[in-house]
Structures are given as C-alpha cells and as structure tokens.
Amino acid sequence: MEVSAVTSTKTVRKSNKRKWKQTILPWILLSPTLVLLLLVVGGPLVGTLWLAFTDWNGIANPEFIGFENFIRLFSDHVFFAALLNNVKWMGFFLTVPVILSLSVALLISKVKFGKMFYRMIVFIPYIVATVVTAKIWLWMYNPYVGLNVKFEEWGLDWLALPWLEDGKYALFSVALADGWHFYGFLVVLFLVALQQIDKSLEEAALVEGANKLQIFFHVVLPQLRPTLVLIYMLLIIWSFAAFDYVFVMTQGGPGNASELIATYMYDLAIYGQQPGYASAVALTMGLFSILVIVGFGYLKKKGWDV
C-alpha cells in the first residue's frame, strides 16, 4: 500500500510538472511580447475607437458626437474618390505584378546555372528603401530629364506622357513604381511554391502528349493555388493600406486623382486638424481588411487552402 501511495504521488507530481511546462511556462515566456503588443497595438486601437465617435481638433477636449463621423462618410465625395482609387490600385496589383512575377519565377526555375544570381537581381528592388525608390521614379517621370526626354530622342513621342501631372495617369504611374519595387517579393514566393510542386505530374502530362501551355494551366497552376490565394489575400489587404508611394510622389494629386484612403486619413488628421473624423476613416479602412480576412477564411473552409 505504501509503495502504491508513493508511486501515485510521483505520478501526480510528474503530471503537475508536465502541465506547468505545457500550459503556464509558455505564457510566461510570451508575456513580454504580449505586453508589448498590448501597449503598441491595443493602446492606439482603443484610442482610435474612442476618437472615431468624437469631434476633436487635436487641441481642445474631444466632444462625443456618436455616429456623426460615420454618417458624414456617406456624403464625403473625397472619401468615395479615394475608395475608388484604392479599388483601381488593387486591380492593378492583382494583375500586373502577379502575372509578371509568376512569369519571371517560371523562367528562373528553368535556369540550370546562376539561379541564385538571378534571384538576387530580381529581389534587389524590394530591399531598397521606399523613399529612395519613390525619388528614383520621380526623377524618371520628370518631363525635363527623365523618360520623356529619351522617348522624344528615340522618336517615341506617343510614350512621352504627363505621368504625374495628368489625373488619368497619376495613380497608375505611382502604382507602377510600387509594383517595380514589390514584384521581387512575389517572385520569391512563387519560386518557393514551384520547388514544391510534384514534377512527376508534369512528366505524366508530357507522356500523354500535353504541350507546355496545357501543362502550365492544368498541372502547374492548380498546384500553385494555395500560394496564389495567400498572395491575393495579402495584396488586397495591403492595397487598402497603401500610403507611402502616393505620399512621397503625388500627395494625392493632381486634385484627388491619386488620393487613397490612407493618404486622405493622414491629410484629415495632420493638415485638416480633424483626428476624430480621420479615426472614423481609419476604422472604415480596417473594416475592409477584416472583411477580406473573413472572406478568405470562408474560402479556406470550403477547401481553398491558404
């Protein structure tokens, strides 16, 4: 009996020790990070939620006004213009950089020698600072010393466009600069995915007489679906949060031709002295991201692996 009691006590102690290591200890190790997240993310989030329901000029005491800021959004033509520009921005990034990066990744994956060199060359633009890249493209778009001068020298006057001066071209000109900076990141993602596909399926398709185009669309592309879904989710979220290139290159101009929700929010908070209304705009922008995440979560449940 005594031996049984001692054994039972040791078992309980081992169980408690195991429970401590599996449940309590991880939380203790994570506590510094959790506290930091609570302060850095939670604090501003609560502040934004509160300010969104107030009228505040940044100096006087905030005045609670309920849902007036959100009601004001429905009659704000600048907000809807910015929202439309965000949709255009998203449409550009869901097509041009994705197609370009997938094409480049397919070419690099077929290279036998110097593959790491080509990866490095493609990825270099992504590691260049945003402001530096934006300034380089500002110089390239300069009508007196940039691309237009070269186009005119080569007899390609029809390509000498008012890139940033005309509202028809400004938004997509900025998006092109951002896409050049960003596509190398997508190339790396596609290269990793291409290394994981089942090569035996391609060999089987070749034996059956399929050409390269058929193999790509019916063998390779379906295996890239999880990567594509992840990329599209990230691009949609990032498209609604786009700010830096527009801020550096056009400040939302000319007029509101390249205004995005994030730049409009910044103008309201800093120059317009309306942090309360800017917070309502920020929450609306965050809502779009939440809807995207929920939508992709639903797709994942339906079998579209992310």
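Whatever comes next refers back to the structure up there.
Treat the numbers as computed from the prediction; the structure is a model and nothing was measured. (Residues numbered from 1 in each chain as written. Predicted model: local features only at pLDDT ≥ 70, side-chain atom pairs only at ≥ 80, totals over all residues. Heavy atoms only, no water.)

(A) Looking closely at the packing of helix H3 (residues 77-93) against helix H11 (residues 225-240). With their axes 9 Å apart at the nearest point, H3 and H11 run at an angle of 150 degrees to one another. On the basis of the axis angle, H3 is roughly antiparallel to H11. The hand of the H3/H11 crossing is right-handed. Residues Leu-83, Asn-86, Trp-89, Met-90 and Phe-93 of H3 pack against Leu-235, Ile-236, Ser-239 and Phe-240 of H11. (Axes fitted to C-alpha atoms, helices over the stretch in contact; angles between N-to-C directions. Helix = DSSP H or I, 4+ residues; strand = E, 2+ residues; numbered from the N terminus. Parallel < 35°, antiparallel > 145°, perpendicular 65-115°, else oblique. Left-handed = near helix turned anticlockwise from the far one by under 90°. Contact = heavy atoms within 4.5 Å.)

(B) Inspection of the pattern of salt bridges at higher detail. Under the defined criterion, the tally for this structure stands at two salt bridges. The residue Glu-153 makes a salt bridge to Lys-150 at a minimum N-O spacing of 3.7 Å. Taken together, the positions of Glu-153 and Lys-150, both in helix H7 (residues 147-153) and three residues apart, correspond to about one turn of that helix. Residue class for Glu-153 comes out exposed when judged on its relative accessible area of 54%. Between Lys-199 and Glu-202 there is a salt bridge; the shortest N-O distance is 3.9 Å. Within this pair, Lys-199 and its partner Glu-202 are both found in helix H9 (residues 199-207), separated by three residues, close to a single helical turn. Classification of Glu-202 by relative accessible area gives buried; the value is 13%. (Salt bridge = Lys/Arg side-chain N within 4 Å of Asp/Glu carboxyl O. Buried < 20%, exposed > 50% of the residue type's maximum accessible area, 1.4 Å probe, protein only.)

(C) Structural context of the packing of aromatic side chains. Under the counting rule described, the total for this entry stands at 25 aromatic pairs. Between Phe-117 and Tyr-118, the aromatic rings sit 5.6 Å apart at their centres with planes inclined by 70 degrees, giving edge-to-face as the arrangement. Here Phe-243 and Tyr-266 contribute two aromatic rings whose centre-to-centre distance is 5.6 Å and whose plane-to-plane angle is 55 degrees, an arrangement assigned as tilted. One end of the pair, Phe-243, is in the loop between H11 and helix H12 (244-249); the other, Tyr-266, is in helix H13 (residues 261-271), with 23 residues separating them in the sequence. A relative accessible area of 25% means that Phe-243 is categorised as partly exposed. An aromatic cluster is present here, built from Trp-89, Phe-92, Phe-93, Phe-123, Tyr-126, Phe-182, Phe-185 and Trp-238 joined pairwise through their rings. The ring of Tyr-277 has Arg-72 sitting right over it, with the charged end atom 3.7 Å from the ring centre. (Phe/Tyr/Trp six-rings, centres within 6.5 Å; stacked < 30°, edge-to-face > 60°. Lys NZ or Arg CZ within 6 Å of the ring centre and 35° of its normal.)

(D) The arrangement of a nonpolar patch on the surface in detail. Nonpolar side chains collect at one region of the surface, where Trp-27, Leu-30, Leu-34, Val-35, Leu-36, Leu-37, Leu-39, Val-40 and Val-41 lie side by side and expose about 900 Å² of accessible area between them. Looking at the secondary structure, you find Leu-39 in helix H1 (residues 2-51). The class for Leu-39 is exposed, based on a relative accessible area of 60%. (Patch = residues over 30% accessible without salt bridge, like charges linked within 9 Å, V, L, I, M, F, W, Y side chains within 5 Å. Areas by Shrake-Rupley, 256 points an atom, 1.4 Å probe, with all protein chains shown as cover.)

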